[in-house]
Amino acid sequence: MGHRFSRWQQDSQQIHNDVTQFLRRTIEEKQCSVRLTWLEDLKEYRIREGSQSISMLGLCATIVKLSAPAMPANANAEAAWNYHELTKHSYTSVRTNPHFLDFGNQPLPFKIYPALEPSRMPTEVRQTGVAALSAIAGSVPAQTNAAPDLEAVAQLLYLSAGITRQRKYSGGEIYFRAAACTGALYEVELYLVCRELPNLQAGVYHFAPAEFGLRRLRAGDYRSVLVEATGGEPAIAHAPLTIVCTCTYWRNAWKYQARTYRHFGWDNGTLLANLLAVATALGLSAKVVCGFVDATVNGLVDVDSQREVAFSLVAVGHDSALSAPTVPPSQTATRALTEISPLGFETVPLSREEVDYPLMREMHAASSLDSPEEVAAWRGRTPLGNTGMPGFPSPAGPVVRLQPLSDGEMPRDPIEQVILRRGSSRQFARTPISLAQLSTVLDRATRGVPADFLDPMGSQLNHLYLIVHAVEGLDSGAYVFHRDRGVLECLKHGNFRDQAGYLGLEQQLPADAAVDIFFLADLRPIFDRFGNRGYRAVQLEGGILGGKIYLAAYAQRLGATGLTFYDDEVTRFFSPHAEGKSAIFLVAVGHSGKRRLLESE
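The numbers attached to residues start from 1 for each chain and follow its sequence in the written order. Reporting of local features is limited, given that this is a predicted model, to residues whose pLDDT is at least 70; pairs of side-chain atoms are given and counted only at 80 or more, and all residues count toward the totals for whole chains, interfaces and linings. Each side-chain value is worked out from all heavy atoms of the structure, with water and hydrogens disregarded.

Outline the overall build of the chain, listing residues and values.
Along the backbone of the chain there are 23 helices and 21 strands. By the burial criterion, 60% of the 601 residues in the chain qualify as buried. In what follows, residue pairs with any heavy atoms lying within 4.5 Å of each other are defined as contacts. Considering only contacts within the chain whose residues lie at least 6 apart along the sequence, 82% involve residues at least 24 apart. Runs of H or I in DSSP of at least four residues are treated as helices and runs of E of at least two as strands, each being numbered from the N terminus. Burial classes: relative accessible area under 20% of the type maximum marks a residue as buried, over 50% as exposed, and values in between as partly exposed (1.4 Å probe, protein chains only).

Lay out the confidence of the model for the chain with the relevant residues and their values.
Confidence scores labelled pLDDT are given residue by residue by the predictor and lie between 0 and 100. Mean pLDDT over the chain works out to 86, with 82% of the residues at or above the 70 mark. Confidence drops under a pLDDT of 50 for residues 23-72, and excluding neighbours within four residues, the segment shows 85 contacts in the predicted structure. Across residues 325-334, confidence stays below pLDDT 50; counting only partners more than four residues off in sequence or on other chains, it has 10 contacts.

Before we move on, can you summarise the pattern of salt bridges with the specific residues and values?
Put simply, a salt bridge is a Lys or Arg side-chain nitrogen that is within 4 Å of an Asp or Glu carboxyl oxygen. The full count for this structure, using the stated rule, is 27 salt bridges. With a closest N to O distance of 3.3 Å, Arg126 and Asp149 form a salt bridge. Here Arg126, found in the loop between β3 (119-120) and α7 (132-135), pairs with Asp149, found in the loop between α7 and α8 (150-161); they are 23 residues apart in sequence, far enough to count as distant. For Arg126, a relative accessible area of 32% translates into the label partly exposed. On the basis of relative accessibility, which here comes to 22%, the residue Asp149 falls in the partly exposed class. A salt bridge links Arg379 to Glu233, with the nearest nitrogen and oxygen atoms 3.3 Å apart.

Could you give me a rundown of the environment of Cys490, with the residues and numbers involved?
Mapping Cys490 onto the fold places it in strand β18 (residues 487-493). C-alpha separation for the pair Cys490 and Ile467, spaced 23 residues apart in sequence, amounts to 9.9 Å. Residues within four places of Cys490 in sequence aside, it is in contact with Gly397, Pro398, Ala478 and Tyr479.

Outline α8, listing residues and values.
Helical geometry: 3.6 residues make up each α-helical turn, so side chains three or four residues apart lie on a common side. The terminal C-alpha atoms of α8 lie 16 Å apart, and with 12 residues this matches the ideal 16 Å at 1.5 Å per residue to within 8%. Leu150, Ala152, Val153, Ala154, Gln155, Leu156, Leu157, Tyr158, Leu159, Ser160 and Ala161 are the residues of α8 that are buried. Any helix carries an expected span of 1.5 Å times its number of residues minus one.

Provide a residue-level description of the environment of Ala578, including the pertinent values.
With respect to the helices and strands, Ala578 occurs in the loop between α23 (567-573) and β21 (582-592). For the pair Ala578 and Tyr465, spaced 113 residues apart in the sequence, the C-alpha separation amounts to 8.8 Å. When sequence neighbours within four positions are dropped, the list of residues in contact with Ala578 reads Tyr465, Leu520 and Thr571.

I'd love a proper account of the packing of aromatic side chains, names of residues and values included.
What counts as a ring pair is set by centres within 6.5 Å for rings of Phe, Tyr and Trp (its six-membered ring), and what kind of pair is set by the plane angle: stacked under 30 degrees, edge-to-face over 60, tilted for all other angles. Inspection of every chain in the model, using the stated rule, returns 22 aromatic pairs. Note on Phe496 and Phe573: the rings are 5.3 Å apart at their centroids and 85 degrees apart in plane angle, and the pair reads as edge-to-face. Separated by 77 residues along the polypeptide, Phe496 in the loop between β18 and α19 (497-503) and Phe573 in helix α23 bring together distant segments of the chain. Grouping residues by exposure puts Phe496 and Phe573 together as buried. Whether a charge sits over a ring comes down to the Lys NZ or Arg CZ being within 6 Å of the ring centre and within 35 degrees of the ring normal. Lying across the ring of Tyr550, Arg422 places its NZ or CZ 5.4 Å from the centre.

I'd like a description of the pairing of strand β7 (residues 203-208), backed by residues and values.
Burial of β7 is extensive: 6 of the 6 residues sit out of reach of the surface. Every second residue of β7 is oriented toward a common face, with Gly203, Tyr205 and Phe207 on one face and Val204, His206 and Ala208 on the other, all of them buried. The pairing criterion for strands is at least two bridges between them, as found by DSSP. Bridge count for strand β6 (residues 188-194) against β7 is 4 bridges, and the pairing is antiparallel. Its bridge partner lying in β7, Leu192 is registered against Tyr205.

Residue-level account of the sheet that holds β6, with values.
With antiparallel pairing, the 7 strands of this open sheet are ordered in space as β3-β8-β7-β6-β9-β11-β10. The sheet terminates laterally at β3 and β10 (286-289), the two strands that pair on one side only. The strands that helix α11 (residues 249-256) touches are β6, β9 (241-248) and β11 (308-316); relative to β9, the one it contacts most, it runs at about 40 degrees. Here helix α12 (residues 260-281) sits on the sheet and contacts β6, β9, β10 and β11; the angle it forms with β11, its principal contact strand, is near 20 degrees. To get an axis, a line is fitted to the C-alpha atoms, and for a helix only the part in contact is used. The angle between two axes follows their N-to-C directions and goes from 0 to 180 degrees.

Which residues make up the nonpolar core, and what values go with them?
Within the largest apolar cluster, 174 residues are counted, with the highest numbers of intra-cluster contacts made by Ile415, Phe453 and Leu466. In terms of residues, this core owes the most to one element, helix α22 (residues 533-555), which gives 13 residues. For Ile415, the contacting residues outside a window of four places in its chain are Thr128, Val130, Ala131, Ala132, Ala135, Ile136, Ala277, Val278, Ala281 and Leu551. Think of a nonpolar core as a cluster: buried Ala, Val, Leu, Ile, Met, Phe, Trp, Tyr and Cys residues, connected wherever their side-chain atoms sit within 4.5 Å.

Hey, could you go over empty space enclosed by the protein for me, with residue numbers and the actual values?
Residues are said to line a cavity or pocket when one of their atoms sits within 4 Å of a point; the points come from a 1 Å grid over protein atoms alone, cavities being sets where a 1.4 Å probe fits but cannot get out and pockets being open sets with protein on both sides within 12 Å along at least five of seven lines. Grid points are joined across faces, edges and corners, and a volume is the space filled by probe spheres set on the points. Under the defined criterion, the tally for this structure stands at 6 cavities of 30 Å³ or more. Of the volumes computed, that of the largest cavity is approximately 100 Å³. Lining the largest cavity are 17 residues, with Gly138, Ser139, Leu276, Thr280 and Pro450 sitting closest to its centre. Each residue gets one label: Ala, Val, Leu, Ile, Met, Phe, Trp, Tyr, Cys and Pro are nonpolar, Asp, Glu, Lys and Arg are charged, and the others, such as Gly, are polar. Grouping the constituent residues of the lining of the largest cavity by class yields 11 nonpolar, 5 polar and 1 charged. Around the second largest cavity, the lining residues are Ser160, Ala161, Arg177, Ala179, Ala180, Cys181, Tyr186, Glu187, Val188, Asp267, Thr270 and Leu271. Taken together, the elements giving at least two residues each to the lining of the second largest cavity come down to α8 and α12. The leading source of residues in the lining of the second largest cavity is α12, at 3 residues. Grouping the amino acids of the lining of the second largest cavity by side-chain chemistry returns 7 nonpolar, 2 polar and 3 charged.

Any chance you could break down unusual backbone geometry for me, citing the residues and the numbers?
Here the amide bond leading from Asp455 into Pro456 is cis, since omega sits at 10 degrees, within 30 degrees of zero. Structurally, Pro456 is set in the loop between α18 (435-445) and β15 (463-468). Of note, the bond from Ser575 into Pro576 is cis; its omega dihedral lies within 30 degrees of zero at 15 degrees. You can see Pro576 is positioned in the loop between α23 and β21. Phi angles above zero are rare outside glycine, and Tyr186 is one such case at about 50 degrees. Within the secondary structure, Tyr186 sits in the loop between β5 (172-177) and β6. Residue classification places Tyr186 among the buried positions, given a relative accessible area of 5%.

Structure below.
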């Protein structure tokens, strides 16, 4: 079992024999600890035999699938650790991955029900007059009585997932949406579950961005099903409208393969950053709910869970006249489930064929919750250190106090205007931004996210680390953000443009930006508290914070873009401070250059 891959590399047939023997022994003996050590050695390589290239990541996924004695429950975080390790980018893994983009098999960017005609929604964008920097920083108190009408629903959907621009190219057209998404692939679908609202009947609806309309899947008020699925979550119980966010595997995996499950959190999160800000501007309370019985929610919106899965819920509005169940959800769950019959509506295939990446589905299944009681136990206080985040020490090095703009100095561009002009910068000019601009981005983007896994409000799972290149009033170097103190602690001084470009998967964007903001998290207390589902939560929070940074940058006429990274190299660069943490997300901020193209990871 102590074999090293470097010796096996000498003979491909011997490798095949060793792999086969290992699989057989692992299955028989269930030596999981040995399996994990061996995977760490194996995942960086691939083998070739004749004209066939076999990905080591694919072999690893097969080993994980075949050797596990049973799908682990959410409380056993082995699945999340496995997935995280096996989907890390490294210098070697990127160069040895044989994957290529098959544009002839690219998935459709929309889910289409050919037998259901959408009802069109109002297309006029309501002017809220609420400054973007105020909308992203605040939230409407949870018990504020307010319900959306159809115009407000249209505003929420358009400014979070609607088509805001399109561009023709030689192969067709690209439809850009209101929120940033990896690869402009837009794998997040939105469904509405509502009571009777002004100009909108009670029902379950699918949002159709292409037609900017709603397709009704079920008639009637099904909100009680969500109340039961969320273990009686008060925000859901009192919400006249809940938006269900689902993610479609193949639409994103076409480009990003098994790493797509990370993107579910990022892309759902950037969309939610818009949604939360618009809800605030409209005077509606909103709360992100990550704890729910997966099978019940999937059944309610009638998705094929092998291809599309519910990832998050958002309770929108509040009606104090709506009451939470007076009996335990488990006693009413049977009644609710009998009311949910499969619909069987045909949908247009996404592409000619789909390539399966089982590792994603296994990660999702292992992080699923199976009963309202399990949901209620899952939801609760966030594991916190002394800064509102797990495992965060007090400053030990020199600090610089942030200098955010005052309310009087703050740009007043309204949230809808900022969202409509937002893009993803594809080139940065190497010109500095001000310390006030950076301070305002950090201050406004990190004032808290209303979510069931962030309790109390203001808790945060991700730590923000920065590489500063060109910020007036701030020396170039590596920093960590202490949100509770409003300071940046300098970890090391120096010009790190080249290193930043390398860490950002050897792209020019992070090297040219004024500042690169990395999100890192200590996954150990998160998994201890939330199990495998904690991986969904930390990626989702990373996406929401990243989306808020996007909006805070564009509100100040700056540019921003989300990027991918070499996982372990990022941790090493910020160590020893970041030792033991994992890279979650990266957003580069600066003055945009002239060129803007596709959304990017």
